[in-house]
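# Coordinate analysis (summary)
Residues per chain are reported as follows:
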Amino acid sequence: MVTCSDASTVNVTLRRSEIAPRSKFDADMLHELLLVLNCHSSSIFIETPTTTTLSPTFPNVHPSERALLNSIAHLAHLHRRTRDAVRSSISSHPSTIVRAVASAIDDQLKLFQQRVVDCEKAILSRDVDLVGGYDIVPLAKLGTWFSGWDRILAYVEELATFISRSERTGVEVLNRLKGDTRTGFPELRQLSNKFLVVAEQVWLKFLMTWVLYGKVSGLCSRDLFVKEDEKQDLEERYTVDEKLVPWFLSKDSADSILFIGFALVRTSSHLTNSGSEILYAHSALLRAIEPPIQPSTIDSTIAAVRVSISNRLLRRLLPSRTIISAIGFLRKFMLLGDGKFMVALMDECEKFKKRRLLDMGNGVIRQGEVSAVLKRAMVAMRAGLDDDEIEEIEEDEGVDAADADIEMPSGARAVNLEEHLSLEVLNIDPSSTSFSDFLTGHPASLTLRPPFPLSLFLTTSDIAIYGSLFSFLSSTVQTLRRLQVLYEQRRVRPHVPLAVWGLIAHATFFWREVWGWVQYDVINPLYDDFINIEEQSDPETVRVRHAKYLRRLNRAFFGHMPRGQEVLRSIHVKCEILSGRVVHWSEEDGVEDIEALGRFKKECSEFVGELESAGRVANGVGTEEEEWEAMMDMGLTDRLLLRLDWFSGAGHDAIDDEEWEI
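Residues numbered from 1 in each chain as written. Predicted model: local features only at pLDDT ≥ 70, side-chain atom pairs only at ≥ 80, totals over all residues. Heavy atoms only, no water.

### Section: the overall build of the chain
Counting secondary structure elements, the chain contains 21 helices and eight strands. Intrachain contacts of the chain at a sequence separation of at least 6 include 70% that bridge at least 24 residues. Counting every atom, the chain has about 31,200 Å² of accessible surface; 51% of that belongs to carbon and sulfur. (Helix = DSSP H or I, 4+ residues; strand = E, 2+ residues; numbered from the N terminus. Contact = heavy atoms within 4.5 Å. Areas by Shrake-Rupley, 256 points an atom, 1.4 Å probe, with all protein chains shown as cover.)

### Focus: the nonpolar core
The biggest cluster of nonpolar side chains holds 95 residues, and the ones touching the most others in it are F146, F195, W203 and F225. Here F225 is in contact with W203, T239, V240, D241, L244, V245, P246, L249, A254 and I257, once residues within four sequence places are set aside. Formed by 91 residues, the second largest nonpolar core is a distinct cluster that contains L330, V373, W501 and F557. (Core = buried A, V, L, I, M, F, W, Y, C linked by side-chain atoms within 4.5 Å. Buried < 20%, exposed > 50% of the residue type's maximum accessible area, 1.4 Å probe, protein only.)

### As for the pattern of salt bridges
Per the stated rule, a full pass over the model turns up 25 salt bridges. We note a salt bridge from E513 to R512, for which the minimum N-O separation is 3.9 Å. For R563, the salt bridge goes to E566, with nearest N and O atoms at 3.2 Å. Of the two residues, R563 and E566 both sit in helix α18 (residues 562-583), three residues apart, roughly one turn of that helix. Each of the salt bridges in this network shares a partner with another, and the network as a whole consists of E350, K353, R482 and E576. (Salt bridge = Lys/Arg side-chain N within 4 Å of Asp/Glu carboxyl O.)

### Quick notes on empty space enclosed by the protein
Counted by the stated rule, this structure contains three cavities of 30 Å³ or more. Its volume calculated, the largest cavity comes out at about 70 Å³. If you list the elements that add at least two residues to the lining of the largest cavity, you get α16 (498-531) and α17 (539-559). Ranked by the residues each element gives to the lining of the largest cavity, the list is headed by α17, at four residues. (1 Å grid on protein atoms, 1.4 Å probe; cavity = no way out; pocket = protein on both sides within 12 Å on 5 of 7 lines; lining within 4 Å. Points joined across faces, edges and corners; volume = space filled by probe spheres on them.)

### Digging into α16
An α-helical turn contains 3.6 residues, so a residue and the one three or four places further along point in the same direction. A rise of 1.5 Å per residue sets the reference length of α16, with its 34 residues, at 50 Å; its end C-alpha atoms lie 48 Å apart and thus fit the reference within 8%. Within α16, the axis deviates most sharply at I523, by approximately 35°, and proline P525 lies no more than four positions further along. By the criterion of burial, α16 is predominantly enclosed, with 25 of the 34 residues buried. (Expected span 1.5 Å × (residues − 1). Bend = angle between axes of the 7 residues up to and from the residue.)

### Things to note about the pairing of strand β8 (residues 444-448)
Counted residue by residue, β8 has five buried out of five residues, so it is predominantly covered. Of the two faces of β8, both are covered, the one formed by A444, L446 and L448 as well as the one formed by S445 and T447. When strand β7 (residues 421-425) meets β8, the two strands line up antiparallel, connected through five bridges. Looking at β8, one finds that L423 is bridged to L446. (Pairing = 2+ DSSP bridges.)

Next comes the structure, spelled out in C-alpha cells:
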C-alpha cells in the first residue's frame, strides 16, 4: 500500500503482490510526476515534440491508469512550452504589449506551479482531498486535483506561441485577445479578459503620451499607429500606420488622434500658462477610457479632446476666415474653378505630351519635367503670354501671385499657397478606377503641402481626396477640349467619313454634359453651402463642415460607384484612341478599323445604367445624416441623368441606326 511520511519527499512501501488495475501508484512515480509538472527532467516520463508520456517500458501499469497518467503528464508538456515561449517574449520581443501579455501569462503559470506545490503539501499532510484510507493516493483524485488546468494551459500555450513570433505587433495581440473573450468557456473568457486589460493598459499609456504631450515613445514602434519619420520635414513627419489601428478605433478617431498630437507638436512654442490647463483638462477626459475599451467611449473621448484643442488652441492660431480662404484656393486650383488656370494647365500638358512623343529615346518622366509644366502654366495664367514670353518671365521669376496670399493671424506674414502647390509624379500603376495618368501620359496629380498652421486643418487624407478629384476633373476637361478641337476641324478634314464625326459628336456631347454637371450642379452648390458659415465659427465646426463637403464631393464624383468609374475610364481611353486616329486619318483608312471604338456609345449607356442603379440604394446607407446626404446626392445623380437622357432612351439608338450608321 502507499504510505506518506513527513519527509520532504514521498516515501512508500509497496506490496509487490498487488497487481493492476491499481488505484494508487508508488512514491517514485509520484515524485517524478511532480518534478516533470514543474518543468524538471524525468527518468520515467518522456518529452516529445507534441506531449509528455510515461515511458512505455515502465512496468506494472494498467492501460487505463497509463492513459490517466499521460493526461496529467501532458500538462507538463504545455507548461514547458508556455514557459519557454514566455521567457523568449519577455526578454527580446520588440513589442511592449507582447512583453506585458507574456508577463501576465507567466503569472498564470505561477498559479499552476503553486498548484503543484500544494499537491505535494496535501500528500505530505495526508489531506483527505488526495490521500485516502491506508495512506493510499488514488490516481482519480490526483486527476481531479488538476482538473480544469488542461484547458487553461492549452489556451495559454497557444497564446504564448502566437505572441512570441518576432514580427507580431501589439495590435494583433489586442485583436486576438478580443476574439478570445467570445469563448463559451467561462474560465477562458475570464482569463482572456485579464490579458486584454493588461494589453489595453499599455496601449492607453502610449496613446496618452501622444495625445497629452505630442511625443511618440521609442517603445511603441510595434504598438501605436502614429509613426514618426525624423528624416521627413515636420509637416510630413507623422503618419498613421493603418495596420496598427486596433479594432475598437474608428478611422475618424485615428485621424483625430494624429491631428491632436501633431497640433501639440506644432504649437508647443505657443503654449505658455495655457499648456498646463490643457494637459489637466485632457488628462481628465482620457481617464474616462478604462479597459476593456469600448469603441463608443474612446470615440466620444477623442472627439471631446479634439474639440478642446480647437477651442483652446487653434481658434487664435487658425481663425475661420483663414481656413475658408484656403478652401477657396483649393476650389480654384485643385477643383479647376479658375478657367484661366485650367486652360493654361491643359495647354502645357498637351505641349508636354507632344514633346515626349518627339523624344521617344527616354521613357522615364522626371519630377523636374512635370514641375516645369505647372510652373509654365502658372506663368501663362498670370500673364496670358505665348511660349517665348513665358520663358522670359521664368528667367526673371517675376509673376505676381498676390491673389493667392492667405492672411495669417497675429500679424504673421501672409502665405502664398501657390508656392506650396505642386504637380507630382506618382510611382504607381493606374488602376481600373484611376484617372491620374491622362493628364501627362503618366500617373501624376496636383497636390498641396499646406504650411503651418493650415497643416493642422488640412490633413494628408484631405489632400489625397482633392488630388483624386483633380485627376477626374482634369481628365474630363482634357478629353472634352481635344474632342471639341477635332470637331471644329471637320470641314478641313473632308476625307474623314461622316460616321467618324458622328462618334466625335457623341463623345463631345457626353463629356460636355459630365463636365457641366460636376462644375455647375455639384461643385458650385456644395462649395457655396460650405462657405456660408459665420467667420466667428470655431475651427472644429469648420472642420466638420469641410469633412462633410469633401465626403459629398467624393461621393458625387462616383466614389461609391467603382463599376461606373471603370466604365468612365474605358470611355476616356477609347476617346483618346479615336482622337489620335482622326488626327492621322488618310484616305486609305476605312471605318472598319474604328468600328470597335464605336462601342463607347454603348458604354455611355452602360454608365447611365450604373447611375440609375446607384440612385436606388440611398435608403439604409448608415446614420440618419448619412442617409439624408445620400438622398441629396441622389438628386444630383438625377440631374446628370437628365443631362444624359440622350443615352438612356431610344432617341440616340435611332440616330445611331439612321444618321451615323457605319
